[in-house]
Amino acid sequence: MIASLVSVRNLRVELGGNEILRGLSCELARGKITAVLGLNGSGKTTLLRALLKEIPYTGAIQFHCGHDHSKPNPRHVGYVPQKLRIESNMPLTVRDLLGIAMQRRPIFLGLRSEVKQQMKVMLEGVGATESLLDRPLEKISGGEQQRVLLALAMWPEPELLLLDEPASGIDVQGQEQFYDIISRLNRERGTTVVLVSHDLSTVGAHVHQVMCMKDGLIHFQGPPREITAEALQQIFGTARHLFVHSHQ
Ligand SMILES: Nc1ncnc2c1ncn2[C@@H]1O[C@H](COP(=O)(O)OP(=O)(O)OP(=O)(O)O)[C@@H](O)[C@H]1O
Ligand SMILES: [Mg+2]
């Protein structure tokens, strides 16, 4: 029996007058990497946002870790959103973004030297270079933004990392590197990782658990090798073929 880090019971979320999550229940396996799969609009991002308490919900989300999760965006949860919304009238460099998150005193008073050093280590850890630090956030590529956000989400040391399609903008070489980073973090620090992905063939080889969502509910939860072709057909319909070599 796998230990649970988070128990979700009868989770319901209504957005814009529609019920998006419709009484969803699941367990997030402690110390494991779980992939959330599902067609567009099935409610994957909404589930992550509910776990972060960013949106109102009914039902129960219970963390079994002893940290305070009563307020939105708890410190022990790292999050990489699917889309980065940047106000173009707020020119922020990568250094500013990291500095604001990492340092308590205002960044216009200067960055402490250990913070500067830590930034380099963080970027190296996600396969990005120091040269990104001086670039405006809205001018770097989507894949570079995702690396920066991943570095930030991994700092200081989350116990739960929620990643919403984090590898989607990253090139093929970068994707292998990305899964290596996540696997190492999980192995060495025991971080629980939940990642949303459409990259069905890759995910099967890198994750311990899979949750398949459809219409605001989870229709399958278990190790990738246990998903049957029938279940895939039922959940994903014509997208079934995309899974085939993920669990052979
Ligand atoms: N703020 C909102 N107001 C109204 N409807 C919303 C809102 N946010 C999301 N929805 C709707 O909720 C449904 C689920 O959205 P969600 O973003 O969770 O899907 P998803 O599984 O992450 O999809 P994708 O694979 O495209 O990212 C969609 O139909 C979406 O249009
Ligand atoms: Mg989404």
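Small disclaimer: the values here were computed from a predicted structure and weren't measured.

Chemist: When you look at the domain arrangement of the protein chain in this model, what are you seeing that I'm missing?
Modeler: Think of interface size as the accessible area that goes away when the parts come together; that is how it is often given. Domain parsing of the protein chain yields domain 1 (1-76 + 159-248) and domain 2 (86-157). The distance between the C-alpha centroids of domain 1 and domain 2 comes to 26 Å. Taken together, the contact pairs 18 residues of domain 1 with eleven residues of domain 2. Both faces considered, domain 1 and domain 2 share a buried interface measuring about 1,100 Å² in area, 57% of it formed by carbon and sulfur atoms. Connecting domain 1 to domain 2 are one salt bridge. Between Arg-189 and Glu-157 there is a salt bridge, with its nearest N and O atoms 3.7 Å apart. Breaking the side of domain 1 that touches domain 2 down by element, the ones donating at least two residues are β6 (160-164) and α5 (172-189). Of the residues forming the side of domain 1 that touches domain 2, the biggest block, seven residues, is contributed by α5.

Chemist: How should I be thinking about the sheet that holds strand β4 (residues 58-63) in this particular structure?
Modeler: Sheet strands associate in pairs through backbone hydrogen bonding, adopting either a parallel or an antiparallel arrangement. Spatially, β2-β1-β4 is the arrangement adopted by the three strands of the open sheet, whose pairing is antiparallel. The strands lining the two open edges of the sheet, one partner per strand, are β2 (18-29) and β4. Across the sheet, the mean angle from the axis of one strand to that of its neighbour is 15 degrees, orientation sign disregarded. Note: strand β1 (residues 4-15) against β2, nine bridges, orientation antiparallel. In the strand pairing of β2, Leu-15 is matched with Asn-18. Taken strand by strand, helix α1 (residues 44-51) contacts β1, β2 and β4, and its axis lies near 115 degrees from that of β1.

Chemist: Quick question: what am I supposed to make of the site of ligand 1 here?
Modeler: Taken together, 14 residues surround ligand 1, and among them Gly-41, Lys-44, Thr-45, Thr-46 and Gln-82 come closest. Residue Thr-46 places a side-chain N or O atom 2.5 Å away from an oxygen atom belonging to ligand 1. Considered on its own, ligand 1 offers 640 Å² of accessible surface; in the complex 61% of this is hidden by protein. Among the elements that line the shell around ligand 1, the one with the most residues is α1, at three residues. The residue makeup of the shell around ligand 1, split by class, is three nonpolar, nine polar and two charged.

Chemist: Help me understand the coordination of the magnesium ion (ligand 2), please; the structure alone is not making it clear to me.
Modeler: Working reference: metal with six octahedral donors, ideal angles 90 or 180 degrees; metal with four tetrahedral donors, ideal angle 109.5 degrees. For the magnesium ion (ligand 2), the full set of protein donor atoms is Thr-45 (OG1) and Gln-82 (OE1), at a range of 2.0 to 2.2 Å. Residue Thr-45 is located in helix α1, and its partner Gln-82 is located in the loop between β5 (77-80) and α2 (94-102); the two are separated by 37 residues in the primary sequence. Looking at Gln-82, the relative accessible area reads 36%, which means it is partly exposed.

Chemist: Could you clarify how one ought to interpret unusual backbone geometry in this entry?
Modeler: Glycine aside, residues mostly have negative phi, and peptide bonds are mostly found in the trans state. Omega for the peptide link from Trp-155 to Pro-156 comes to 0 degrees, which places this bond in the cis form. In this structure, Pro-156 sits in the loop between α4 (142-153) and β6. A positive phi angle, close to 50 degrees, is found at Asn-10, a residue other than glycine. Position of Asn-10 among the secondary structure elements: in strand β1. Backbone geometry at Asp-215 places phi at a positive 45 degrees, although glycine is not the residue there. Checked against the element boundaries, Asp-215 lands in the loop between β8 (209-214) and β9 (217-222).

Chemist: What should I look at first to understand the packing of α2 against helix α3 (residues 113-125) in this one?
Modeler: Between two packed helices, the angle of one axis relative to the other and the distance separating the axes together describe the packing. Their axes nearest at 11 Å, the elements α2 and α3 cross at an angle of 115 degrees. In terms of axis orientation, α2 runs roughly perpendicular to α3. You can see that α2 and α3 cross each other, and the crossing is right-handed. Taking contact as the criterion, the partners of Arg-95, Leu-98, Gly-99 and Met-102 in α2 are, on α3, Val-115, Gln-118, Met-119, Met-122 and Leu-123.

Chemist: Help me understand the side chain of Gln-145, please; the structure alone is not making it clear to me.
Modeler: Mapped onto the elements, Gln-145 comes out in helix α4. At 2.9 Å, the side chain of Gln-145 and the backbone oxygen of Leu-137 are in polar contact.

Chemist: I keep staring at the environment of Leu-84 and nothing clicks. Help me out?
Modeler: Tracing the sequence through the fold places Leu-84 in the loop between β5 and α2. On the accessibility criterion, Leu-84 (30% relative accessible area) is partly exposed. When residues no more than four places from it in sequence are discounted, the contact partners of Leu-84 are Leu-137, Gln-145 and Leu-149.

Each value, and the rule that gives it
Residues numbered from 1 in each chain as written. Chains lettered and ligands numbered in written order. Predicted model: local features only at pLDDT ≥ 70, side-chain atom pairs only at ≥ 80, totals over all residues. Heavy atoms only, no water. Domains from an automatic or database assignment. Contact = heavy atoms within 4.5 Å. Buried area = accessible area lost by both parts, 1.4 Å probe. Salt bridge = Lys/Arg side-chain N within 4 Å of Asp/Glu carboxyl O. Helix = DSSP H or I, 4+ residues; strand = E, 2+ residues; numbered from the N terminus. Pairing = 2+ DSSP bridges. Axes fitted to C-alpha atoms, helices over the stretch in contact; angles between N-to-C directions. Near = heavy atom within 4 Å. Polar contact = N/O pair within 3.5 Å; in protein donor to acceptor, adjacent residues only side chain to side chain. Areas by Shrake-Rupley, 256 points an atom, 1.4 Å probe, with all protein chains shown as cover. Nonpolar A, V, L, I, M, F, W, Y, C, P; charged D, E, K, R; others polar. Donors = N, O, S within 2.8 Å, 3.2 Å for Na, K, Ca; no water. Buried < 20%, exposed > 50% of the residue type's maximum accessible area, 1.4 Å probe, protein only. Parallel < 35°, antiparallel > 145°, perpendicular 65-115°, else oblique. Left-handed = near helix turned anticlockwise from the far one by under 90°.

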